[in-house]
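This is what each chain is made of:
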Amino acid sequence: MIPFNKPYCSGRELKYMEQVCHSTTMSGNGDFTKKCHAFFEEKYGFKKVLLCTSGTDALEMCAMLCDLKPGDEVIVPSYTFVSTAIAFLREGAKVVFADSGSQNPNITLDAIRPLVTERTRVIAVVHYAGVACDMDAIMQFADERGILVVEDAAHSIDASYKGRPLGGIGHLGAFSFHETKNINCGEGGMLVVNDERFLRRAEIIWEKGTNRAEFYRGMVNKYGWCDMGSSFLPSEFNAAYLWAQLEQMEDIQEKRLAIWNTYDSILRGNLKNGMVLPVLPDFATNNAHIYYLLCPSLEYRTAFLKYLKENGVVATFHYLALHNSVYYRDRHDGRALPNCDRYENCLVRLPLYYELSLEEAESIARLVLAFDGQS
Ligand SMILES: Cc1ncc(COP(=O)(O)O)c(C=O)c1O
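Figured I'd write up the structure that's included with this text.

**A short note on the packing of helix α3 (residues 55-65) against helix α4 (residues 82-89)**
Axis angle and axis distance: for two packed helices, these are the angle between their axes and the distance between the axes, and together they describe the pair. At a minimum axis distance of 8 Å, the contact between α3 and α4 shows a crossing angle of 35°. Viewed along their axes, α3 and α4 form a crossing whose handedness is right-handed. Together, Thr56, Leu59, Glu60 and Ala63 of α3 and Ser83, Thr84, Ala87 and Phe88 of α4 make up the contact between the two elements.

And the structure:
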């Protein structure tokens, strides 16, 4: 069976974790955390980054930094992982779900515009599959109205919009290093602070509401409770594991792109019976996080996934749109979100991981064509 995912391992993870065992800092914000921070700040020019224990935690930090009041509204795509919405709900905000675009699952300014009220404080965008939303349009619209933009860049490592790295465009950004991501440390994430206003508070929230990071830098001679916070920083073991992967980032990205391009070169232009391929806008790069297709219906997708499984390939669907969820459907205002429903019912992700050989990718693409030919 070809699995859907195999988390990447560079082989140096254990060596670096062993170094942590022999060091005096295991808890967090030690040498490996600093190496990871410097990597992102130097490579992508991010103003400030803070490793977190998950992408969910990074989003929760974003929501805390937005300083929401009861009744404040946050616009969130419905076709996303629960964490994008929960982060803001936990802060007492009202989540207003937006539909995805018709070209890909990202939200568009056209979907956002009619949802804005005088209570809208934040727009959360998700760059689905690492493909950028149209950030210039969204940022200009938000800035004119004093609305904050949080980029859920969980899928978006090493991806960009008009040459600018994703996660570094909104006021705040959140990455995930969950085992399903291009670069992983089991569970992990990262907050990106792009707006100066949030720099100090971000570090305090990260360190359980204390100014401990300033104390370690020798800026104060004791540290104490300054604000709300939680234990968002990961241990040095996670950072060491992550560092082993960051060192190999170019190789990982090159291999993933080769797999993505193998699928695409065989499938694009050759699907005849209803399945369609994603549209990559000109302003976006491709970080090869996900290769997906859209089936014409739920029934078609069920049969397609079964066919792939019978032929030794595990492919899978993705999100259940949040406005339809058991938890939220009674709170949703009842608006139809047809594009989200379509992605929920029709999207299929093909296997995509470092160890997948190009021959395997080619044989999977041939199976897709064979199913398409029969249907
Ligand atoms: C769009 C999106 N946001 C946030 C998350 C949460 O990230 P994590 O699993 O690292 O908490 C995910 C998880 O995969 C995701 O797909």
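Here the narrative resumes.
**Description of the site of the ligand**
The full set close to the ligand counts 17 residues, and Thr56, Asp152, Ser176, Lys181 and Tyr319 are the nearest of them. At 2.5 Å from an oxygen atom of the ligand is found a side-chain nitrogen or oxygen belonging to Thr56. Contacts to the ligand include Lys181, whose side-chain N or O atom sits 2.6 Å from an oxygen atom. Starting from 390 Å² of accessible surface for the ligand in isolation, the protein chains cover 92%. Every element with two or more residues in the shell around the ligand is listed here: α3 and α4. Ranked by residue count, the leading element in the shell around the ligand is α3, at three residues.

**Re the packing of aromatic side chains**
Following the criterion strictly, the structure yields 23 aromatic pairs and no others. Ring geometry for Phe304 and Phe371: centres 5.2 Å apart, planes at 40°, overall tilted. Taken together, the residues span a long stretch of sequence, with Phe304 in helix α11 (residues 298-310) and Phe371 in helix α13 (residues 358-374) at a distance of 67 residues. The residues Phe304 and Phe371 share a single accessibility class, namely buried. A connected cluster of aromatic rings, assembled from ring pairs, spans Phe39, Phe40, Tyr44, Phe46, Phe175, Phe177 and Trp243. Of note, Arg145 hangs over the ring of Phe141, and the distance from its end group to the ring centre comes to 3.8 Å. Its guanidinium or amino end placed over the ring of Tyr354, Lys255 lies 5.3 Å from that ring's centre, counting from NZ or CZ.

**Focus on a negative patch on the surface**
A cluster of acidic side chains, namely Asp158, Glu250, Asp251 and Glu254, defines a negative patch on the protein surface. Mapped onto the elements, Glu250 comes out in helix α10 (residues 249-267).

**Some points on the state of the cysteines**
Applying the stated criterion across every chain, the model contains zero disulfides. A disulfide-free cysteine, Cys21 has its sulfur positioned 16 Å from the sulfur of Cys9, the nearest such atom. No disulfide involves Cys346; its nearest neighbouring cysteine sulfur is the one of Cys295, lying 6.6 Å away.

**Concerning helix α1 (residues 13-21)**
Here α1 has its buried residues at Glu13, Tyr16 and Val20. Taken down its axis, α1 places every buried residue within 75° of arc, on the same side. Buried-residue contacts for α1 involve α2 (31-44) and α9 (236-246).

**A closer look at the nonpolar core**
One finds Phe88, Ile123, Leu172 and Leu191 to be the most contacted residues of the largest nonpolar core, which totals 71 residues. Broken down by element, the residue count for this core peaks at seven residues, all from α3. When sequence neighbours within four positions are dropped, the list of residues in contact with Leu191 reads Lys48, Val49, Leu50, Cys52, Ala58, Met61, Cys62, Leu65, Leu172, Gly173 and Ala202. Grouped together as the second largest cluster of nonpolar side chains are 33 residues, Ile266, Ala361, Val368 and Leu369 included.

**Some words on the sheet that holds strand β2 (residues 73-77)**
Taken in spatial order, the seven strands of this open sheet run β1-β9-β8-β5-β4-β2-β3, and their pairing is mixed. Every interior strand has two partners, whereas the edge strands, β1 (48-52) and β3 (94-98), have only one. Neighbour to neighbour, the strand axes of the sheet diverge by 20° on average, direction disregarded. Across five bridges, strand β8 (residues 172-176) lies against strand β9 (residues 189-193) in antiparallel orientation. If you follow Gly173 over to β9, its bridge partner there is Val192.

Calculation rules
- Residues numbered from 1 in each chain as written.
- Predicted model: local features only at pLDDT ≥ 70, side-chain atom pairs only at ≥ 80, totals over all residues.
- Heavy atoms only, no water.
- Axes fitted to C-alpha atoms, helices over the stretch in contact; angles between N-to-C directions.
- Helix = DSSP H or I, 4+ residues; strand = E, 2+ residues; numbered from the N terminus.
- Left-handed = near helix turned anticlockwise from the far one by under 90°.
- Contact = heavy atoms within 4.5 Å.
- Near = heavy atom within 4 Å.
- Polar contact = N/O pair within 3.5 Å; in protein donor to acceptor, adjacent residues only side chain to side chain.
- Areas by Shrake-Rupley, 256 points an atom, 1.4 Å probe, with all protein chains shown as cover.
- Phe/Tyr/Trp six-rings, centres within 6.5 Å; stacked < 30°, edge-to-face > 60°.
- Buried < 20%, exposed > 50% of the residue type's maximum accessible area, 1.4 Å probe, protein only.
- Lys NZ or Arg CZ within 6 Å of the ring centre and 35° of its normal.
- Patch = residues over 30% accessible without salt bridge, like charges linked within 9 Å, V, L, I, M, F, W, Y side chains within 5 Å.
- Salt bridge = Lys/Arg side-chain N within 4 Å of Asp/Glu carboxyl O.
- Lys, Arg positive; Asp, Glu negative; His and termini not counted.
- Charge placed at Lys NZ, Arg CZ, Asp CG, Glu CD.
- Disulfide = S-S within 2.5 Å.
- Arc of directions from axis to C-beta.
- Core = buried A, V, L, I, M, F, W, Y, C linked by side-chain atoms within 4.5 Å.
- Pairing = 2+ DSSP bridges.

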